Amino acid sequence: MSLSILLVDDSKIVRKVIAKELPIIFRDQELKLTEATNGEEALTYLFANNYDLVFLDLTMPVKTGYEVLEALKEKGVRANIIVLTADIQPDAEKIVRELGAIGYIKKERPFNTNPLMKILQDTGML
Ligand SMILES: [Mg+2]
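Residues numbered from 1 in each chain as written. Predicted model: local features only at pLDDT ≥ 70, side-chain atom pairs only at ≥ 80, totals over all residues. Heavy atoms only, no water.

A. Spotlight on the overall build of the protein. Across its full length, the protein carries five helices and five strands. Reading the secondary structure of the protein in the N-to-C direction produces β-α-β-α-β-α-β-α-β-α. Once the C-alpha set of the protein is aligned to its principal axes, its extents read approximately 35 × 30 × 30 Å. By residue count, 44% of the 126 residues in the protein fall in the buried class. Once local pairs closer than 6 in sequence are excluded, the contacts in the protein between residues at least 24 apart make up 61%. For the protein, the exposed surface amounts to about 7,200 Å²; the carbon and sulfur share of it is 51%. Distance between charge centres in the protein, computed from 16 positive and 19 negative side chains, equals 2 Å. (Helix = DSSP H or I, 4+ residues; strand = E, 2+ residues; numbered from the N terminus. Buried < 20%, exposed > 50% of the residue type's maximum accessible area, 1.4 Å probe, protein only. Contact = heavy atoms within 4.5 Å. Areas by Shrake-Rupley, 256 points an atom, 1.4 Å probe, with all protein chains shown as cover. Lys, Arg positive; Asp, Glu negative; His and termini not counted. Charge placed at Lys NZ, Arg CZ, Asp CG, Glu CD.)

Rendered as structure tokens:
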């Protein structure tokens, strides 16, 4: 079975770190990974394709992660979106959950896979 994942982040380093962890997390599955570097690009992919899982940064140029979630909600597009952010806005998690995100992870250095594993297990994706 192949799992299609969209990874959205304007930081090349973050994309590289996550892309490296994914085969370790989903070790029995074939992965089809697509990367987007801003919210506008992400929406183009999301309106044209179905993804099993989407990692979404919040702070990005052109369109933010919040705008991506709003646009998807407005168009009625459902996706398993996990927000991955360094945003310290206190109610960010509440906002993104109301906009339909299934998970919210704070970016840490080094990247800690445990919160992500927990979300994937809780939502039956692992
Ligand atoms: Mg960013």
